[in-house]
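Chain and residue survey
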Amino acid sequence: MNKVRLPYYVIRKGRGYFEIGKHRSDLTGIPASIPLGKDGPDTWAKAHSWYEAFQDARAPNSRKRLGGYPPGSLGAAYVLWKGSPDWLEKKPRTREEYERAWDDHIDPAFGRRLFTKITVSDSEAFHRRLKKELSPSDAHRTLKIWRAILHMLQKKNLLPQAPIGAVTNPMPKGRGQFWLAWEVAKMLRAARLAHRFTGDDKWLAIGLAVRLAWETAMSPPDCRTFTLAMMRKDRSGWYLERARTKTGAAAKPPLSTALADDLYAYAKRDGRTPIPTAVLFGSAKGKGWDRFQMADLFAELRRITFGKKERRQFQDMRRSANLEADLGGASAQDRAAVMANALDKNKSLDAVYTPVTVARARKAQEAREAGRALLEQELGRDRSRKHPPGGV
């Protein structure tokens, strides 16, 4: 094998090490000696990656450039990664999820730790803690991002292996929660009262967003990106014409006159001139809500209405609309058209949006009784006998 000359790369007993010594380690935060594995091309690539990290860490402005994190820390690696093509290729929504998981959970636990010192035991303990403290969906999302960051370090040859361990991160069970009409009405009353006593327009906004979701069965991203330009009117009344934010599928849900009037009134509040193509709900500076701002504001409304123990979410109103339509006799095809998805063709999707309920079971029982009468009539049995033999 050809010998190579790499800065701070040494070979002992056929195995490569990146060694900068204690003095340089103290100055940069990078370990003094890093085992890289059996000498060879893969090990040389790791040594080169560590040399580049060492050069970055010893630069005079490295702490400022690394977001204030110590060189060699997980936070410093995360900041550098956010400037890479890998990060820039991620969709905005994915980047939002990474930032949320990092700010709320990963940074407080590991941001200033040397990533070479993070162990399998640390990772397993992090898994257990989040699964205990967070909802199943939030824990799954955060741990998925945590594991992706560790795998990124392994891919860039900064870690020999991602220290994840044997713990798993299975997909959480699909949601089955839904809201009832009176519960939504109670939240809307709470929003109106909150606006009356605080004067904060955020309560008007979240109240309108809840009404929009309830009437149209639109998803949270569709409500966040709503604009007045999407509103249409024909002989029968108002409706929306838009593409789903997630899939691009066309949707044309109906809209009540009362809600249409209130949406326009909100846009014109305090003498403002409505901009039809601008996102309606957002901050005072005109920036629309991101997914977490909307979720947090809804959680605040839910808390003041029902207390801290209530955990249903904004997105559950979409399931409520589908469930009401299903129990009212709407076909799967019609419900799929209103929701602009494929629940009529996808059993898993139908199970998510049409959970099992007692009301549905009772409706099926009523259908059975009607069918039983038809069977008895066809077979010429005594129609006065209401129950089959055995009392079943």
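These notes cover the structure that comes with them. (Residues numbered from 1 in each chain as written. Predicted model: local features only at pLDDT ≥ 70, side-chain atom pairs only at ≥ 80, totals over all residues. Heavy atoms only, no water.)

1. Thoughts on the overall build of the protein chain
Rules: Where helices and strands are cited, they refer to DSSP runs of H or I of at least four residues and of E of at least two residues respectively, numbered from the N terminus. Throughout, exposure labels follow a simple rule: accessible area from a 1.4 Å probe, protein chains only, divided by the maximum for the residue type, with under 20% read as buried, over 50% as exposed, and the rest as partly exposed. We call two residues in contact when some of their heavy atoms are within 4.5 Å. Exposure was quantified through the Shrake-Rupley algorithm and a 1.4 Å probe, taking into account, for residues, occlusion by the shown protein chains and nothing else.
When helices and strands are tallied, the protein chain shows 17 helices and eight strands. The buried share among the 392 residues of the protein chain stands at 38%. For the protein chain, restricting intrachain contacts to residue pairs at least 6 apart in sequence, the fraction spanning at least 24 positions comes to 59%. Total accessible area on the protein chain is roughly 23,000 Å²; 53% of this is exposed by carbon and sulfur atoms.

2. Let's talk about helix α6 (residues 92-110)
Formally: Think of it this way: the bend at a residue is just the angle between two axes, each fitted to seven residues, one set ending at that residue and the other starting at it.
Of all bends in α6, the biggest is about 50°, found at Trp102. Among all positions in α6, only Glu97, Tyr98, Ala101, Trp102, His105, Ile106 and Phe110 are buried. Where the residues of α6 are buried, they touch α4 (74-81), α5 (85-88), α7 (120-133), α8 (136-155) and α13 (291-306).

3. Comments concerning unusual backbone geometry
Of note, the phi angle at Tyr8 is positive, near 65°, even though the residue is not glycine. Considering the arrangement of structural elements, one finds Tyr8 in the segment before β1 (9-12). Note on Tyr8: relative accessible area 24%, which makes it partly exposed. The backbone of Asp270 sits at a positive phi, close to 55°, despite the residue not being glycine. Overall, the relative accessible area of 67% leaves Asp270 in the exposed class.

4. A few points about the packing of aromatic side chains
Rule in force here: Think of it this way: a Phe, Tyr or Trp ring, Trp meaning its six-membered ring, pairs with another when their centres are within 6.5 Å, and the plane angle makes it stacked under 30 degrees, edge-to-face over 60, tilted otherwise.
This structure, assessed with the given rule, holds 21 aromatic pairs. When the centroid spacing of 6.3 Å and the interplanar angle of 55° are considered together, the rings of Tyr78 and Trp81 count as tilted. With Tyr78 and Trp81 both in helix α4, this residue pair falls three residues apart, about one helical turn. Neither Tyr78 nor Trp81 differs from the other in exposure class; each is buried. An aromatic cluster of at least three residues, connected via ring pairs, comprises Tyr69, Tyr78, Trp81, Trp87, Tyr98 and Trp102.

5. Quick look at the side chain of His105
Along the chain, His105 turns up in helix α6. We classify His105 as buried; its relative accessible area is 18%. Leaving out residues up to four positions away in the same chain, His105 has contacts with Phe126, Leu130, Leu134 and Thr142.

6. Notes on the sheet that holds strand β5 (residues 237-240)
The cut-off we apply is this: Only strands joined by at least two bridges in the DSSP assignment are considered to pair.
Pairing in this open sheet of three strands is antiparallel, and the strands run β4-β5-β8 from one edge to the other. The strands lining the two open edges of the sheet, one partner per strand, are β4 (231-234) and β8 (254-255). Bridge count for β5 against β8 is two bridges, and the pairing is antiparallel. Considered in β8, the bridge of Tyr239 is made with Pro254.

7. A closer look at the sheet that holds strand β3 (residues 33-38)
Rule in force here: Fitted lines through C-alpha atoms give the axes, limited to the stretch in contact for helices. The angle between two N-to-C directions lies from 0 to 180 degrees.
Spatially, the three strands line up as an open sheet ordered β1-β2-β3, and their pairing is antiparallel. Each of the sheet's edge strands pairs with one partner strand only, and the pair in question is β1 and β3. Between one strand axis and the next, the sheet turns by 30° as a mean value, whatever way the strands run. Summarising the sheet, strand β2 (residues 15-19) and β3 pair through five bridges and their orientation is antiparallel. The residue of β3 that forms the bridge with Arg15 is Lys38. Sheet strands touched by helix α2 (residues 41-58): β1, β2 and β3. Its angle to β3, the strand with the most contacts, is close to 160°.

8. Points about the packing of helix α9 (residues 181-198) against α13
The line we're drawing: By definition in this entry, angles of less than 35 degrees are roughly parallel, angles greater than 145 are roughly antiparallel, angles of 65 to 115 are roughly perpendicular, and the rest are oblique. In this classification, Asp, Glu, Lys and Arg are treated as charged, Ala, Val, Leu, Ile, Met, Phe, Trp, Tyr, Cys and Pro as nonpolar, and every other residue, Gly included, as polar.
One can describe the packing of α9 onto α13 by two numbers: an axis separation of 9 Å at closest approach and a directional angle of 100°. Relative to α13, α9 is oriented roughly perpendicular. Residues Glu183, Lys186, Met187, Ala190, Ala191 and Ala194 of α9 touch α13, and the partners they reach there are Phe298, Leu301, Ile304, Thr305 and Phe306. Looking at the contact of α9 with α13, its residues break down into eight nonpolar, one polar and two charged.

9. Here's the deal with the pairing of β2
Two strands pair when backbone bridges link them, and β1 and β2 are joined in this way by four bridges, in the antiparallel orientation. The residue bridging Ile11 from the neighbouring strand is Gly16, located in β2.

10. Quick word on α4
In terms of burial, α4 is largely enclosed, as six of its eight residues are buried. Turning to α4, its buried residues number three or more, namely Leu74, Gly75, Ala76, Ala77, Tyr78 and Trp81. Looking at the buried side of α4, the elements it contacts are α5, α6 and α8.

11. Thoughts on the pattern of salt bridges
Threshold: Salt bridges are counted wherever a side-chain nitrogen of Lys or Arg sits within 4 Å of a carboxyl oxygen of Asp or Glu.
Taken as a whole and assessed by the stated rule, the structure comprises 18 salt bridges. A salt bridge links Lys82 to Glu99; the nearest nitrogen and oxygen atoms lie 2.9 Å apart. Taken as a pair, Lys82 in the loop between α4 and α5 and Glu99 in helix α6 lie far apart in primary sequence, 17 residues in all. Overall, the relative accessible area of 28% leaves Lys82 in the partly exposed class. Here Arg269 and Asp201 are joined by a salt bridge, their closest N and O atoms 2.9 Å apart. With Arg269 in the loop between α12 (257-267) and α13 and Asp201 in helix α10 (residues 201-216), this pair connects stretches of sequence that are 68 residues apart. A relative accessible area of 19% places Asp201 in the buried class. A single network of salt bridges, built from pairs that share partners, joins Arg100, Asp104 and Asp296.

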